[in-house]
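Listed here are the chains, written in short residue letters.
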Amino acid sequence: MSLGPSLVSPPAQSSASDGSGAVVTLPGRRFRPARLLSPLLFVGPALLLIGVFVIYPSVKTIYYSFYTQSNAIGYNLPLVFTGFDNFANMWNDSAVRTAVINNLLWLIILTPLTVVLGVLLAVLFDRVRYEAVAKSIVFIPMAISATATGVIWRLMYADDPHVGTINAILGQFIPNFQSISWLGNTNLVNFALMGAQLWASLGFAVIVLSAALKAIPGDLLEAARIDGATELQAFRHVTIPLMWPTITVIITLTMIGLLKIFDIVWTMTSGGPAGASEVIGTRMYTEAFKNGNTGYGSAIAVVLLIAVIPIMAINIRRFSSEGQR
Amino acid sequence: MSTTAVPSRSLAALPDAALAEKRRPWYSQAPIHVVIILISVIWLMPTIALLFTSLRNIQNINTSMWWTLLWKPHELTLENYNAVVHSTGTVGMGQAFLNSLLITIPATLFPILFGAGAAYAFAWMRFPLRNSIFLLLVGLQVVPLQMLLIPLLQMYTTLGINGTYPALWIAHTAFGLPLAIYILRNFMSGIPYELLESARIDGNGHLGIFFRIILPLTTPAIAAVAIFQFMWVWNDLLIALVFSGPSTAPMTVVVRSLVGQFGNGWHLMTAAAFISMALPLVIFFSLQRYFVTGLTAGSVKG
């Protein structure tokens, strides 16, 4: 900020009126290269970084997805163009198929669960005085990394009933209870992971939905009640429609997050046992960085990108409809 | 995002809720209290289980439940923390904590530094393709990290910087910029035009307007961006797994490798995990409002 005073003198900026011209551009003025200089100064560094380290790598990943190249990192083995082979191979690769199915399972189960529980808790919390405390308790996991969440839930799910809280509690209530291997059972592992993820991310939905709930004018609900609506009818026909824009935001954000899920699975199971809990993120990491299959790993990344594109389109459209000034 | 101005509004609505509560007799509220308390217990218990387990030695951990500590407080020990801070085979959590700081602080400052300037240009300057480029940035926010990893690793290897702090700073800065610019630009474009105009009449150029008017007024948005970027980098595992080296590994990587090495070494894993959570939890409890705003604003990233 010490820069400030030195800029008072007009000469610092080549010409004050010229600078202002960019703030209020008069329509119809001739395009002058000199007036590009200050925008470039402000926007250039950021765009350069994004161009070199985000856009260029993304394009290159798409390029690699059409090639086969093993152990390409560091060694420049020749590239072999293979067209859509990588994508075709994925179709027959049972590990990838499991990963895609699991990712869909995550989406189908966790997205509605997050929204429904989020709305439910937002409404319940709204009715008590200690709302702030309850909300922060549910929000705490948002401060915890997915890696630490992974350790926390490995501990909760631990097989040993002296260690794993869930098995210990079930053992207290169920006679002759046999400890369940939550993360070791191929049928249970995905649901166990989803439980951990729900614990980690529900707080976010609750906070956002609760804000939307507070924004509903009280007299609207009052009017509905005066007109003879029951609590449930008022909720269904007034509260939910008014919260709907926020609910769609939560749906898109949850879906994006779930499609890209990696950290929590990698920490808790690394995709196991026997590949039963693989997701697209873990498959990509394993192929690209464990097996050194650059081309195949890139193709998996591209599949992930394609899966996110519809959501990205919604994002852009929402932004455009909000209107640019 | 439109969802940022959350917490203050919820406080304003409190009297309404209190009123509504008064109208009903307390017992009709009882089921609600039961559900909320149950939820609160479920949400608190896992973290407490981790903390308690980390404070007991491995023999005690393996023979009795963590809550035993409540009536046997003499079992409490810090030996796990002591062991894990110094060495765990790879990098000790002490060094890893330092690495996390050395990675996170620059990787938080750079996106704000570069992003604020760009946001100003997108909000208040005219230049060719401005709207198209901005729309591109909106789209880039959801590009999966996985799309960058392989080419970035190749670039770093060619430059000979793989495994260094700058490699991690660059990846986090570039990946964080689109969202940072987006949030800052939306905030800056809400600043009244009259303020900029009067500053211009006082003889300020773009730099003067930016540093004297825009930056001070943008502090809340900068705080929000700083918090989400800090949390994102601090808690990141994937970028760190790919680009950090043995001596630059942050805590997430060390915790993850502990899980791999000692699947049942609960005493070390829990202590290490708790150390990695400590700073974000302190930030959460001390800056709760900004924290919620920041995380809400940054939630599209990934």
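The structure displayed is predicted, hence computed values, not measured ones.

Enquirer: Help me understand the overall build of chain B, please; the structure alone is not making it clear to me.
Expert: Per the secondary structure count, chain B includes 16 helices and 0 strands. Taking as baseline every contact in chain B between residues at least 6 positions apart, the subset at least 24 positions apart corresponds to 73%. When the accessible surface of chain B is split by element, carbon and sulfur atoms take 70% of a total near 11700 Å².

Enquirer: I tried to follow the confidence of the model for chain A on my own but got confused; where do I start?
Expert: If pLDDT is low for a region, its predicted coordinates should not be looked at in detail. Residues and elements named next belong to chain A. Across chain A, pLDDT averages 82, with 84% of residues at or above 70. Per-element confidence in chain A ranges from a low mean pLDDT of 39 for helix 1 (residues 16-23) to a high of 94 for helix 6 (residues 146-157). Across residues 1-31, where pLDDT falls below 50, the model places 38 contacts with residues more than four positions away in sequence or in other chains.

Enquirer: Got a minute to help me understand the environment of Glu-222 of chain A in this structure?
Expert: Mapped onto the elements of the fold, Glu-222 of chain A is located in helix 9 (residues 218-226). Along the chain, Glu-222 of chain A and Ala-234 of chain A lie 12 residues apart, while their C-alpha atoms are 9.0 Å from each other.

Enquirer: Just checking my understanding: could you explain the interface of chain A and chain B for this structure?
Expert: It is common to give the size of an interface as the accessible area lost on bringing the parts into contact. Tallying the contact residues gives 116 residues for chain A and 124 residues for chain B. For the pairing of chain A and chain B, the buried interface totals around 10800 Å² over both sides, and the portion due to carbon and sulfur atoms is 74%. At the junction of chain A and chain B, the tally comes to 0 salt bridges. Counting every contact that joins chain A to chain B gives 11 residue pairs in polar contact (both at pLDDT 80 or more). Per-element tally for the side of chain A that touches chain B: the top contributor is helix 2 (residues 37-64) of chain A, with 20 residues.

Enquirer: What is the right way to look at the pattern of salt bridges in this model?
Expert: Pairing between side chains of opposite charge can happen when the charged atoms of each approach one another. Residues and elements named next belong to chain A. As enumerated under the stated definition, the model contains 8 salt bridges over all chains in all. For Arg-225, the salt bridge is made with Glu-222, and the minimal N-O distance between the two is 3.5 Å. One end of the pair is Arg-225 and the other is Glu-222, both in helix 9 and 3 residues apart, which spans about a single turn. Several salt bridges share partner residues, and in doing so they unite Asp-126, Glu-131, Lys-135 and Lys-214 into one network.

Enquirer: How should I be thinking about the nonpolar core in this particular structure?
Expert: Across soluble globular proteins, nonpolar side chains show a tendency to be buried alongside one another. Residues Trp-106 of chain A together with Tyr-120, Ile-181 and Phe-243 of chain B are the most contacted members of the largest nonpolar core, which totals 197 residues. Tallying contributions element by element places helix 8 (residues 189-214) of chain A first for this core, with 17 residues. For this core, the two domains that each supply at least three residues are domain 1 (14-79) and domain 2 (93-297) of chain B.

Enquirer: Please explain helix 11 (residues 206-217) of chain B as it appears in this structure.
Expert: An α-helical turn contains 3.6 residues, so a residue and the one three or four places further along point in the same direction. The first and last C-alpha atoms of helix 11 of chain B sit 15 Å apart over 12 residues, in line with the 16 Å expected at 1.5 Å per residue. Every buried residue belonging to helix 11 of chain B is among His-206, Gly-208, Ile-209, Phe-210, Phe-211, Ile-213, Ile-214 and Leu-215 of chain B, and all of these are buried.

Enquirer: Would you mind going over the confidence of the model for chain B with me for this structure?
Expert: Residue and element names in this part refer to chain B. Averaged over all residues, the pLDDT of chain B is 84; the fraction at 70 or higher stands at 86%. Of all the helices and strands in chain B, helix 1 (residues 6-12) carries the lowest mean pLDDT, 41, while helix 13 (residues 238-243) carries the highest, 94. Every residue in residues 1-15 is under pLDDT 50, and counting partners more than four places away or in other chains gives 17 contacts.

Enquirer: Looking at this structure, I do not really get the environment of Phe-230 of chain B. What am I missing?
Expert: Residue and element names in this part refer to chain B. Relative to the elements of secondary structure, Phe-230 occurs in helix 12 (residues 219-235). On a C-alpha basis, the gap between Phe-230 and Pro-280 in space is 9.1 Å, while along the polypeptide they are 50 residues apart. Once residues lying within four places of it in the same chain are set aside, the contact partners of Phe-230 are Thr-104, Thr-108, Leu-279 and Ile-283.

Enquirer: Honestly, the packing of aromatic side chains in this entry has me stumped. Any pointers?
Expert: Two numbers describe a pair of aromatic rings. These are the distance of the centres and the angle of the planes. One pass over the structure, following the stated rule, counts 31 aromatic pairs over all chains. A centroid spacing of 5.3 Å and a plane angle of 50 degrees characterise the contact between Phe-122 of chain B and Phe-134 of chain B, whose relative ring orientation is tilted. Pair noted here: Phe-122 of chain B is in helix 6 (residues 93-124) and Phe-134 of chain B is in helix 7 (residues 130-140), with a separation of 12 residues, a long-range link. The same class applies to Phe-122 of chain B and to Phe-134 of chain B, which are both buried. One aromatic cluster is present, formed by Phe-42 of chain A together with Tyr-120, Phe-210 and Phe-211 of chain B through successive ring pairs. Sitting over the face of the ring of Phe-134 of chain B, Arg-185 of chain B holds its NZ or CZ atom 4.7 Å from the ring centroid.

Enquirer: Is there a simple way to think about the environment of Leu-137 of chain B in this case?
Expert: Residue position: Leu-137 of chain B is located in helix 7. A C-alpha to C-alpha distance of 5.2 Å links Leu-137 of chain B and Pro-178 of chain B, two positions 41 residues apart in sequence. Beyond its immediate stretch of four places on either side in the chain, Leu-137 of chain B contacts Ile-50 of chain A together with Phe-122, Pro-178 and Ile-181 of chain B.

Enquirer: What should I look at first to understand unusual backbone geometry in this one?
Expert: The backbone of Asn-176 of chain A shows a phi angle near 55 degrees, a positive value even though the residue is not glycine. For Asn-176 of chain A, the position within the fold is in the loop between helix 7 (165-173) and helix 8.

Definitions and limits used
- Residues numbered from 1 in each chain as written.
- Chains lettered and ligands numbered in written order.
- Predicted model: local features only at pLDDT ≥ 70, side-chain atom pairs only at ≥ 80, totals over all residues.
- Heavy atoms only, no water.
- Helix = DSSP H or I, 4+ residues; strand = E, 2+ residues; numbered from the N terminus.
- Contact = heavy atoms within 4.5 Å.
- Areas by Shrake-Rupley, 256 points an atom, 1.4 Å probe, with all protein chains shown as cover.
- pLDDT = per-residue confidence, 0-100.
- Buried area = accessible area lost by both parts, 1.4 Å probe.
- Salt bridge = Lys/Arg side-chain N within 4 Å of Asp/Glu carboxyl O.
- Polar contact = N/O pair within 3.5 Å; in protein donor to acceptor, adjacent residues only side chain to side chain.
- Core = buried A, V, L, I, M, F, W, Y, C linked by side-chain atoms within 4.5 Å.
- Buried < 20%, exposed > 50% of the residue type's maximum accessible area, 1.4 Å probe, protein only.
- Domains from an automatic or database assignment.
- Expected span 1.5 Å × (residues − 1).
- Phe/Tyr/Trp six-rings, centres within 6.5 Å; stacked < 30°, edge-to-face > 60°.
- Lys NZ or Arg CZ within 6 Å of the ring centre and 35° of its normal.

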